[in-house]
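Each chain is listed here by its residues.
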Amino acid sequence: MKKIMLTGCLGQIGTELTLHLRDRYGSNNVLATDCSIKGPSEVMESGPFEVLDVLNADRMAELCDKYKINTIIHLAAILSAVGEKNPQRAFDVNMIGLFNVLEVAREKHLQVFTPSSIAVFGKSTPQDMTPQDTIQRPNTIYGVTKVAGELLSDYYYTKFGVDTRGIRLPGIISHMAMPGGGTTDYAVHIFYEAVKNRRYTSFIAKGTKMDMIYMPDCLKAITMLLEADPARLQHRNSFNIASMSVAPEDVAKEIKKHIPDFELTYDVDPVRQAIAESWPNRMDDRCAREEWDWEPDYDLAATTKDMLERLSAKLNAG
Ligand code: NAD
Ligand code: SER
């Protein structure tokens with residue numbers, strides 16, 4: 001039976017992943033933690049919740065003992081755009097936080113899942129059908145910490161036998177919690193603004209393709225890899241996964257099928273645009289498909305329809 005602790009559970013992914021895992025494994029078997037207490041009450045009240053700063057290794061170990069944890073899903077991180085504003089903080093949270101998780105896991109024989117990101121790639125990486133194993137020379141602090149995190153997680157597996165696993169997540173499109181300050185955030189904001197104001201001004205330029213994934217597929221991928229047969233895993237940290245490669249105008253075109261007078265304009269942010277241009281247009285996810293049967297359910301059309309329906313219900317009810 002899994003006894004899971006999530007770090008950073010009040011962010012974009014944690015909010016939905018906590019509820020998903022509680023449905024799957026039982027509410028009392030999923031401990032949600034975050035350094036903040038600002039988040040949806042359903043995450044903090046549908047099962048155990050504790051305040052945990054991932055820089056506090058002693059408290060992390062205590063909580064693992066108290067709740068008899070056997071798996072850590074480590075979501076606490078500083079994302080790409082916020083990281084460029086405070087690289088020192090991004091280094092501490094993303095590197096020291098992961099080191100603390102891996103050390104606790106080594107001492108207590110726990111499984112660890114840590115999301116990596118499309119941010120592990122840089123301008124020298126092949127941008128189309130980016131291979132699983134390729135050049136990784138990112139130029140953001142977020143990307144640097146994510147590459148180091150992949151390597152550190154691999155090291156803990158080969159050196160100490162810690163069962164580490166991870167996925168290079170694309171930008172996540174979702175309707176429950178807002179994204180936490182990344183380069184792909186436009187692909188969430190555009191849906192909120194379409195429903196509220198029928199217009200959106202994009203900080204990412206026309207023609208800039210990036211991989212995106214809808215939250216239900218993200219939850220499915222995490223659960224599949226967590227439960228995958230270890231004997232089949234050649235790449236533990238971290239698998240490319242892909243479901244749609246989109247630019248802002250592609251999303252706008254789909255939205256217009258539902259909201260014909262929707263208007264997209266541009267006011268490009270040079271910092272986030274430079275980051276976006278250094279990331280892949282589309283990753284090759286054949287290793288995930290071969291090693292743990294990854295397959296997405298949502299393309300851009302299905303994502304758009306579902307996002308607009310759910311946001312219309314949420315925003316019009318409020
Ligand atoms: P988010 O920014 O929405 O949430 C991060 C959470 O971590 C927040 O609730 C924050 O309070 C918490 N946190 C920050 N510092 C902390 C600390 N010191 N101790 C404990 N908690 C702390 O992030 P997210 O989008 O949910 O991302 C989760 C993971 O997935 C991260 O590793 C991120 O790199 C990865 N990822 C996310 C995306 C995406 O598009 N959302 C894409 C690729 C990878
Ligand atoms: N969505 C994340 C970001 O833009 C990618 O890891 O930072």
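Residues numbered from 1 in each chain as written. Chains lettered and ligands numbered in written order. Predicted model: local features only at pLDDT ≥ 70, side-chain atom pairs only at ≥ 80, totals over all residues. Heavy atoms only, no water.

Please provide a residue-by-residue account of the nonpolar core, values included.
By size, the foremost hydrophobic cluster in this structure holds 37 residues, and its most contacted members are Tyr186, Ile190, Phe191, Met212, Val251, Ile255 and Phe262. Mapped onto this core, the elements with two or more residues apiece are helix H6 (141-160), helix H7 (186-197), strand S12 (210-214), strand S14 (244-246), helix H9 (248-256), helix H10 (270-278) and helix H12 (300-317). Ranked by residues supplied to this core, first place goes to H7 with eight residues. Contact partners of Phe191, with chain neighbours within four places excluded, come to Ile173, Val251, Ile255, Thr304, Met307, Leu308 and Leu311. One finds Cys9, Leu10, Phe49 and Ile222 within the second-largest nonpolar core, a separate group that totals 35 residues. (Core = buried A, V, L, I, M, F, W, Y, C linked by side-chain atoms within 4.5 Å. Buried < 20%, exposed > 50% of the residue type's maximum accessible area, 1.4 Å probe, protein only. Helix = DSSP H or I, 4+ residues; strand = E, 2+ residues; numbered from the N terminus. Contact = heavy atoms within 4.5 Å.)

Could you give an account of the sheet that holds S12, naming the residues involved and the relevant values?
The sheet built from three strands is open, its strands ordered S10-S12-S14 with mixed pairing. For this open sheet the edge positions go to strand S10 (171-173) and S14, each flanked by a neighbour on one side alone. For this sheet the average axis-to-axis angle between neighbouring strands, irrespective of direction, equals 45 degrees. Lying on the sheet, H12 is in contact with S10, S12 and S14; it crosses S12 at an angle near 55 degrees. (Pairing = 2+ DSSP bridges. Axes fitted to C-alpha atoms, helices over the stretch in contact; angles between N-to-C directions.)

I'd like a rundown of the site of ligand 2, residues and numbers included.
Residues in close proximity to ligand 2 include Leu79, Ser80, Ser117, Tyr142, Gly182, Thr183, Thr184 and Trp279, which together make up its full environment. With respect to ligand 2, the side chain of Ser117 contributes an N or O atom lying 2.5 Å from an oxygen atom. Contact distances for ligand 2 include 2.7 Å between a nitrogen atom and a side-chain N or O atom of Thr184. Tallied by class, the residues present in the shell around ligand 2 amount to three nonpolar, five polar and no charged. (Near = heavy atom within 4 Å. Polar contact = N/O pair within 3.5 Å; in protein donor to acceptor, adjacent residues only side chain to side chain. Nonpolar A, V, L, I, M, F, W, Y, C, P; charged D, E, K, R; others polar.)

Could you give an account of the site of ligand 1, with specific residues and numbers?
Taken together, 28 residues surround ligand 1, and among them Gln12, Ile13, Asp34, Tyr142 and Lys146 come closest. In this structure, Tyr142 approaches ligand 1 through a side-chain N or O atom, which is 2.5 Å from an oxygen atom. One nitrogen or oxygen atom from the main chain of Ile172 is found 3.0 Å from an oxygen atom belonging to ligand 1. Within the complex, the protein chains bury 92% of what would otherwise be the 830 Å² of accessible surface of ligand 1. Elements represented by at least two residues in the shell around ligand 1 include exactly helix H1 (12-25), helix H5 (87-108), strand S6 (116-117), H6 and S10. Residues belonging to the shell around ligand 1 are distributed by class as follows: 15 nonpolar, nine polar and four charged. (Areas by Shrake-Rupley, 256 points an atom, 1.4 Å probe, with all protein chains shown as cover.)

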